[in-house]
Amino acid sequence: MNAQNSTIGTLAGERLDRREFVATLLDRAPEALVVTGLGSPSYDVFAAGERDRNFYLWGAMGAAVPTGLGLALARPDESVVVITGDGEQLMGIGALGSVAVKAPKNLTIVVVDNGHFGETGMQRSHSSLGADLAGIASSFGIARTERVRDIADAERVARIVTAREGTTFVQVFIEQTEPPRALPPRDGTAVKNKFRAALGLDTF
């Protein structure tokens, strides 16, 4: 795929199973450093299997992309993927401007978008009311954006993650369901120490 806006998949209205998509993506990109947005994306990543290279955010609405950006800039030798939701991404929408300016080749932002705020009662989010997240990312200056509606393309997204050929924003249209919560560790210090150790860094 070249560095331009595109739509993956053939069914305009198709929405995917969030857990299946995330599990497939992580299975195909096992060495990636993963930053999760709070709430359901963290549950999805943890449900796919605990990994020392997972960094879960708690109580940090809108901070997933800035955290992933900093990590990608600090570790250009690693593939960094942010997995977050539409509500969390909307809260931190301005961070996409910084992503576009810095444009680390090793950063992939994956937004699992059900068009709802899942943590506060499934109210409709802006992405179901006309806001085009991939279009917004493109307007900020992110050269490569993808819209995913086909589960088979989880492997293609994984190849984008591992290739480290340019910043990419991926909007994945998922079903409006609430799978059982799979809660990752809530001890922020332990999560940080585990993650640093996975990178060969001392803990503090």
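These numbers were taken from a predicted model, which means no experiment stands behind them.

Visitor: Explain the overall build of the protein to me, and be specific about the residues and the numbers.
Guide: For the protein, the count of helices and strands is eight helices and nine strands. Relative to its length of 204 residues, the protein is compact, with a C-alpha radius of gyration of 15 Å against a globular reference of 17 Å. With the C-alpha coordinates of the protein rotated into their principal frame, the extents come out at 45 × 35 × 30 Å. Every one of the 204 residues in the protein was classed for burial, and the buried ones make up 50%. Of the roughly 8900 Å² of accessible surface on the protein, 52% is carried by carbon and sulfur atoms. One finds the centroid of the 21 positive side-chain charges in the protein at a distance of 4 Å from the centroid of its 24 negative side-chain charges.

Visitor: Can you lay out the packing of helix α3 (residues 64-74) against helix α5 (residues 95-102) for me, pointing to particular residues and giving the numbers?
Guide: Their axes nearest at 9 Å, the elements α3 and α5 cross at an angle of 20°. Classified by the angle their axes make, α3 and α5 are roughly parallel. In the packing of α3 onto α5, the handedness of the crossing is left-handed. Contact residues: V65, P66, L69 and L73 in α3; A95, L96, S98, V99 and K102 in α5. Grouping the amino acids of the contact of α3 with α5 by side-chain chemistry returns seven nonpolar, one polar and one charged.

Visitor: Any chance you could break down the nonpolar core for me, citing the residues and the numbers?
Guide: Of all hydrophobic cores here, the largest spans 50 residues; its most connected members are F21, I83, V110, F169 and V172. Dropping the residues within four chain positions of it, V110 is found in contact with F21, L25, V81, V82, I83, T84, V157, V170 and V172.

Visitor: Give a description of the pairing of strand β9 (residues 168-173) that names residues and reports values.
Guide: Counted residue by residue, β9 has six buried out of six residues, so it is predominantly covered. Every second residue of β9 is oriented toward a common face, with T168, V170 and V172 on one face and F169, Q171 and F173 on the other, all of them buried. Sheet topology note: the strand β5 (residues 107-113)/β9 ladder contains six bridges and is parallel. If you follow V110 over to β9, its bridge partner there is V170. The pairing of strand β8 (residues 144-148) with β9 spans five bridges and is parallel. Residue pairing across strands places R144 opposite T168, the latter belonging to β9. Where the polypeptide runs from β8 across helix α7 (residues 154-163) and back to β9, its parallel neighbour, the crossover connection is right-handed.

Visitor: Describe in detail the pairing of β5, supporting the description with residues and values.
Guide: Counting buried residues along β5, seven of its seven residues qualify, which places the element largely inside the surrounding structure. Residues L107, I109, V111 and D113 point to one face of β5 and T108, V110 and V112 to the other, with burial holding for every one of them. Judged from the six bridges that link them, strand β4 (residues 80-85) and β5 form a sheet pairing that is parallel. Each bridged residue has a counterpart across the sheet, and for I83 the counterpart in β5 is V110.

Visitor: Describe the side chain of S79, and please don't skip the residues or the numbers.
Guide: Relative to the helices and strands, S79 resides in the loop between α3 and β4. The exposure class of S79 is buried, given its relative accessible area of 6%. Within the structure, S79 has its side chain in polar contact with the side chain of R164 (distance 3.0 Å). With sequence-adjacent residues up to four places away left out, S79 is seen in contact with A32, L33, N106, V161, T162 and R164.

Visitor: Account for the confidence of the model for the protein, with residues named and values stated.
Guide: On average, residues of the protein score 90 in pLDDT, and 91% of them reach the 70 mark or higher. Counting interchain partners and residues more than four positions distant, the pLDDT-below-50 stretch residues 1-12 has 29 contacts.

Visitor: Give a description of helix α1 (residues 18-28) that names residues and reports values.
Guide: Among the residues making up α1, those that are buried are R18, R19, F21, V22, T24, L25 and L26. Taking the backbone nitrogen of R19 as reference, a side-chain oxygen 3.0 Å away marks D17 as the first, capping residue of α1.

Visitor: Residues and numbers for the side chain of D44, please.
Guide: Within the secondary structure, D44 sits in helix α2 (residues 40-47). Take D44: its relative accessible area is 1%, and that puts it in the buried class. Filtering out sequence-adjacent residues up to four positions away, D44 remains in contact with R18, R19 and V22.

Analysis parameters
Residues numbered from 1 in each chain as written. Predicted model: local features only at pLDDT ≥ 70, side-chain atom pairs only at ≥ 80, totals over all residues. Heavy atoms only, no water. Helix = DSSP H or I, 4+ residues; strand = E, 2+ residues; numbered from the N terminus. Rg over C-alpha atoms; globule rule 2.2 N^0.38 Å. Buried < 20%, exposed > 50% of the residue type's maximum accessible area, 1.4 Å probe, protein only. Areas by Shrake-Rupley, 256 points an atom, 1.4 Å probe, with all protein chains shown as cover. Lys, Arg positive; Asp, Glu negative; His and termini not counted. Charge placed at Lys NZ, Arg CZ, Asp CG, Glu CD. Axes fitted to C-alpha atoms, helices over the stretch in contact; angles between N-to-C directions. Parallel < 35°, antiparallel > 145°, perpendicular 65-115°, else oblique. Left-handed = near helix turned anticlockwise from the far one by under 90°. Contact = heavy atoms within 4.5 Å. Nonpolar A, V, L, I, M, F, W, Y, C, P; charged D, E, K, R; others polar. Core = buried A, V, L, I, M, F, W, Y, C linked by side-chain atoms within 4.5 Å. Pairing = 2+ DSSP bridges. Right-handed = clockwise from strand over helix to strand, strands pointing away. Polar contact = N/O pair within 3.5 Å; in protein donor to acceptor, adjacent residues only side chain to side chain. pLDDT = per-residue confidence, 0-100.

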